[in-house]
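The chain contents come next:
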Amino acid sequence: MLAQKWKELRAEEIRKWEDSCKYEDFIDDRLITELIDISKYPDKKQVEDIIAKARQNVSSGAMLSPSEVAVLANTQDPQLWEAIFETADWIKRTVYGNRIVLFAPLYLSSMCVNNCLYCGFKNTNADLDAQKLNRDQIVSEVEVLINSGHKRLIAVYGEHPQSDAEYICQSVETIYSVHSDCGEIRRCNINASPMFENEYKQIKDVGIGTYQIFQETYHHQTYSKVHPRDTLKHSYKWRVFGLHRAFEAGIDDIAIGVLFGLYDWKFELLGLLYHAMALEKEFGVGPHTISYPRLVPAENAPLTTMSKYLVSDEDFSKIVAIIRLMCPYTGSILTARESNPLRDTIIRKGGVSQMDAGTRIGIGGYSQMEKEHLLHKEQFIINDTRSLDDFIYDLCKEGYLPSFCTAGYREGRTGANFMPLAKHATVKNFCVANGILTFKEYLMDYASPKVREIGENHVIPNYLQWIEQNMPQLAVQVEEKLGLTASQQHDMHF
Ligand code: SAM
Ligand code: SF4
């Protein structure tokens, strides 16, 4: 079907859905603005009390309130900021342990009927060489990813009849079917446009991990401005309840995010919180992860450099840390849009739990690793271009445990089963154990000599010791599985 016709029919269906939508919009722009305005000058004691509360919340999984988040966002005192950063790191280590879960984005299609003012894939970008991967190309891309050591992907799609729900299903099945030497992709998350319930059901059936939709901006007026009227993405309501529909369709592992730089970052933080609260209220389950992509330059998208809300590095670090205090149980994803030095700083200050590495965002980008990044094939510019192995080496030097764990969703620890573990800070027992086992697998199968040296002699012994000290019974089982991994048995996990 022609893209224009497909878009018109879909727009009509979306309108019908909007008319019958049973949910009330949970974003009140005026209230959020007021909350930010009335807490403009917080006093020290107020901020200290909120920090103390965030620490206590770790064992119950409770979130901070919108007014508390507004206070943190308005905090100026550098000493208080030191305390907030330190708390973010503490919360992350208490809930998830000191591991960083690694993944790679895989761009399947840059064809898109929308026209988002910030995106290189927008329909009116005449210089974009819009493409989608066919079966063979997907296999080639996935082989490169597997052979570098990856086990977890986020598959990314433009919104187009050629990359509709059916294509998403086929591509995910292809991704899971690839087995190369000693590896395979064990979890494929999705970043795609909002769907109808019947489409979500199809996608769920092929065994996806998390379904991720970024609202981009929660501010209604800005949302309308950056997503032009004649596009599918123009409907705020359709998008903001996209994950509600996913839930209704049985997808219980969902992720939210904001594209920082489109509107005031303080407002967006509260938007994320209200979204998490709405999901919890409706389904008893909050977001599995929160993402905070920040605008980076994209081809023929002047807004990406001219927006008056562009976020400085300093404010960006604050955003990441506040998200950690605000929602202690959620995974926190810091992407390669950010530069190496900033990523290295924010891991520690912001309580980050997941990162992409060895990233290529061009369509077919992994099969052309030796080539430069090609802007006319890419959605935007990435700034951290380290290889997966170099990235892992840097993590190891800082004492982190690189993890390729995908056990959670395969063992049924998703949605309502995952939340209590994260909310009571016991998920780290699994995280550290599975981190050790999957990192060992990486060391055996893919690591460079320098990573193998630091991994075998420092990282694995350190974390084994941590388990022995904290959970002696689990340590026995981990050592047993570690022995099996050393004798080339794969996919040992808890
Ligand atoms: N087309 C789907 C959608 O819009 O939901 C998939 C998402 S798009 C391919 C992935 C995400 O990249 C977007 O949701 C947006 O947050 C982010 N993005 C787009 N342009 C960007 C830019 N110039 N800088 C940083 N992130 C950007
Ligand atoms: Fe299309 Fe998504 Fe890019 Fe918007 S952000 S133009 S919907 S790919």
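This text goes with the structure placed above it.
Structure report, in brief. The model shown is predicted, which means the values in this text are computed figures rather than measured ones. (Residues numbered from 1 in each chain as written. Chains lettered and ligands numbered in written order. Predicted model: local features only at pLDDT ≥ 70, side-chain atom pairs only at ≥ 80, totals over all residues. Heavy atoms only, no water.)

Looking now at helix α6 (residues 135–148). Quick reminder: α-helices carry 3.6 residues per turn. Residues three or four places apart thus point the same way. With 14 residues, α6 extends 20 Å from end C-alpha to end C-alpha; this agrees with the ideal 20 Å at 1.5 Å per step. Of all the positions in α6, only I138, V139, E141, V142, L145 and I146 are classed as buried. Along α6, the residues classed as buried sweep out an arc of 165° about the axis, all on the same side. Turning to α6, the residues buried within the fold contact β1 (99–109), β2 (152–157), α7 (165–177), β3 (179–180) and β4 (183–184). Between the side-chain oxygen of the N-cap and the backbone nitrogen of D136 there are 3.1 Å, and the N-cap of α6 in question is N134. (Helix = DSSP H or I, 4+ residues; strand = E, 2+ residues; numbered from the N terminus. Expected span 1.5 Å × (residues − 1). Buried < 20%, exposed > 50% of the residue type's maximum accessible area, 1.4 Å probe, protein only. Arc of directions from axis to C-beta. Contact = heavy atoms within 4.5 Å. Polar contact = N/O pair within 3.5 Å; in protein donor to acceptor, adjacent residues only side chain to side chain.)

Before going further, it helps to examine the pairing of strand β7 (residues 254–258). In terms of burial, β7 is largely enclosed, as 5 of its 5 residues are buried. Across 5 bridges, the pairing between strand β6 (residues 211–216) and β7 is parallel. For F214, the partnering residue across the bridge sits in β7 and is G257. In terms of strand pairing, β7 meets strand β8 (residues 289–291) through 3 bridges, oriented parallel. (Pairing = 2+ DSSP bridges.)

This paragraph deals with the site of ligand 2. Close contacts around ligand 2 come from C112, N114, C116, Y118, C119, F121, K122, G158, K233 and Q379, and that covers them all. Among the residues making up the shell around ligand 2, the classes are represented as 5 nonpolar, 3 polar and 2 charged. (Near = heavy atom within 4 Å. Nonpolar A, V, L, I, M, F, W, Y, C, P; charged D, E, K, R; others polar.)

This model, assessed by the stated rule, comprises 16 aromatic pairs. Between the aromatic rings of F26 and F241, the centroid separation amounts to 5.6 Å while the plane-to-plane angle is 85°, which identifies the pairing as edge-to-face. With F26 in the loop between α1 (3–20) and α2 (29–38) and F241 in the loop between α10 (236–240) and α11 (242–248), the pair connects residues that are 215 residues apart, well separated along the chain. Accessibility assignment for this pair places F26 and F241 in one class, buried. Between W81 and F85, the aromatic rings sit 5.3 Å apart at their centres with planes inclined by 40°, giving tilted as the arrangement. Of this pair, W81 and F85 both sit in helix α5 (residues 78–96), 4 residues apart, which is roughly one turn of the helix. One exposure class covers both W81 and F85, and it is buried. Among the aromatic residues, those joined into a ring-pair cluster are F404, F439, Y442 and Y446. Across from the ring centre of W90, 4.7 Å away, lies the NZ or CZ of R55, which sits over that ring. The side chain of R294 reaches across the aromatic face of F316, ending 4.6 Å from its centre. (Phe/Tyr/Trp six-rings, centres within 6.5 Å; stacked < 30°, edge-to-face > 60°. Lys NZ or Arg CZ within 6 Å of the ring centre and 35° of its normal.)

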